[in-house]
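So the chains spell out like this:
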Amino acid sequence: MNVTATQPVKYKGLRGFFNFFLTALLGASVNFISQIVYRRYFDFDTSVFMGYLTATVVSFLPTKIFAFSAKQTGNTGREAIKFVVIALVALVVQVFVSKYTLEWVANPLLPSIGKFYREKSSHVVGMGFSFMANYFGHKLLTFRSTGMYDRIRSKSARQSEKQF
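Residues numbered from 1 in each chain as written. Predicted model: local features only at pLDDT ≥ 70, side-chain atom pairs only at ≥ 80, totals over all residues. Heavy atoms only, no water.

- For the chain, an unreviewed UniProt entry supplies the name GtrA/DPMS transmembrane domain-containing protein and the organism Nibrella viscosa.
- UniProt lists a comment for the chain under the heading Subcellular location (unreviewed entry), and it reads "Membrane". (UniProt positions renumbered as here; feature names shortened; annotations may be inferred.)

If you want it as C-alpha cells, here you go:
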C-alpha cells in the first residue's frame with residue numbers, strides 16, 4: 001500500500017489554505033484599520049462596507065499570485081470579474097453578520113463594554129464569516145477554470161450567427 005501518493009495532495013490543500021490565510025490577513029488588516037478611519041465619517045454599516053471595499057482592492061493581486069498560484073494564467077480580466085462577484089457576496093455576508101451581531105448580541109449582552117469595542121468585536125465576527133465565504137468562493141470559482149466563460153462566449157457566437 002503506497003501512502004505517500006496521497007500525502008502531497010493533503011499538504012497542498014493545507015498549504016493553499018495557509019497561503020490564502022496569509023493574504024486574507026493582509027486584507028483583514030486593511031479592512032480592520034480602514035474601518036476605524038471610515039467610522040469617523042460614516043455610520044457603522046457604511047464604515048464596514050467601505051473598509052471591505054478598500055481591502056478588496058488591496059488584496060486582489062496578492063490573492064491571485066500567492067494564495068492560488070494563478071500568476072500566469074492569462075485570465076486576469078476574467079479572474080478580476082469573478083473576484084469582484086465573490087467579494088460582493090462576501091461583502092453582504094460581512095456587513096449583515098457585523099450589523100446583526102452588534103444589534104442582537106453585542107449591544108444587548110455586553111452593554112457595559114464601550115461602544116468602540118462592541119462595534120469592533122462585531123466587525124471581527126463579520127470578517128470571520130466573510131473569510132470563509134471568500135475562501136470557498138475563490139477556491140471553487142475565481143481562480144479555477146470553470147468553462148462558464150467559454151460556454152457564454154460560444155452561446156453568444158451562435159446567437160450572432162443566427163442573426164446573419
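### A word on the packing of helix α3 (residues 76-109) against helix α4 (residues 115-142)
1) Next: Closest axis-to-axis distance for the α3/α4 pair is 7 Å, and the angle between their directions is 150°. The angle between α3 and α4 places the two elements in the roughly antiparallel class. The handedness of the crossing between α3 and α4 comes out as right-handed.
2) Next: Its residues assigned to classes, the contact of α3 with α4 comprises 13 nonpolar, 12 polar and four charged. (Axes fitted to C-alpha atoms, helices over the stretch in contact; angles between N-to-C directions. Helix = DSSP H or I, 4+ residues; strand = E, 2+ residues; numbered from the N terminus. Parallel < 35°, antiparallel > 145°, perpendicular 65-115°, else oblique. Left-handed = near helix turned anticlockwise from the far one by under 90°. Nonpolar A, V, L, I, M, F, W, Y, C, P; charged D, E, K, R; others polar.)

### Thoughts on the environment of T23
1) Next: As for its position among the elements, T23 is in helix α1 (residues 7-39).
2) Next: The exposure class of T23 is buried, given its relative accessible area of 7%.
3) Next: The residues touching T23, leaving out its near neighbours within four places in the chain, are P62, T63, F66 and A67. (Buried < 20%, exposed > 50% of the residue type's maximum accessible area, 1.4 Å probe, protein only. Contact = heavy atoms within 4.5 Å.)

### Notes on a nonpolar patch on the surface
1) Next: Nonpolar side chains collect at one region of the surface, where W104, V105, L109, L110, I113, F116 and Y117 lie side by side and expose about 760 Å² of accessible area between them.
2) Next: Of all the secondary-structure elements, those providing two or more residues to the nonpolar patch are α3 and α4.
3) Next: Examining the composition of the nonpolar patch, we find that three residues originate from one element, α3, more than from any other.
4) Next: The class of F116 is partly exposed, set by a relative accessible area of 42%. (Patch = residues over 30% accessible without salt bridge, like charges linked within 9 Å, V, L, I, M, F, W, Y side chains within 5 Å. Areas by Shrake-Rupley, 256 points an atom, 1.4 Å probe, with all protein chains shown as cover. Salt bridge = Lys/Arg side-chain N within 4 Å of Asp/Glu carboxyl O.)

### Regarding the UniProt feature "transmembrane region" (unreviewed entry) in the chain
1) Next: When the UniProt feature table is mapped onto this chain, "transmembrane region" (unreviewed entry) is found at residues 17-37, 49-68, 80-102 and 122-141.
2) Next: Regarding residues 49-68, the helix share stands at 95% and the strand share at 0%, and the terminal C-alpha atoms are separated by 25 Å.

### Some points on the environment of K120
1) Next: Relative to the helices and strands, K120 is located in helix α4.
2) Next: Each C-alpha atom of the pair K120 and A106 lies 10.0 Å from the other, and the pair is 14 residues apart in sequence.
3) Next: Those residues in contact with K120 that sit more than four places away from it in its chain are F32, Q35 and I36.
4) Next: Engagement of the side chain of K120 in a polar contact is seen with the side chain of Q35, the distance being 2.6 Å. (Polar contact = N/O pair within 3.5 Å; in protein donor to acceptor, adjacent residues only side chain to side chain.)

### Topic: the pattern of salt bridges
1) Next: As enumerated under the stated definition, the model contains two salt bridges in all.
2) Next: Residue R39 is joined to E119 by a salt bridge in which the shortest nitrogen-to-oxygen separation is 3.0 Å. Here the residue R39 occupies a position in helix α1, and E119 occupies one in helix α4, the gap between them amounting to 80 residues.
3) Next: Given the relative accessible area of 25%, R39 is considered partly exposed.

### Quick notes on the packing of helix α2 (residues 44-67) against α4
For any two helices packed against each other, one specifies the inter-axial angle together with the distance between the axes.
1) Next: In contact at an axis separation of 12 Å, α2 and α4 are set at 40° when each is read in the N-to-C sense. Judged by the inter-axis angle, α2 sits oblique to α4. The chirality of how α2 crosses α4 is right-handed. Across the interface between the two elements, F44, V48 and Y52 from α2 touch E119, S122, H123, S130 and N134 from α4.
2) Next: Of the residues that constitute the contact of α2 with α4, the class distribution is three nonpolar, four polar and one charged.

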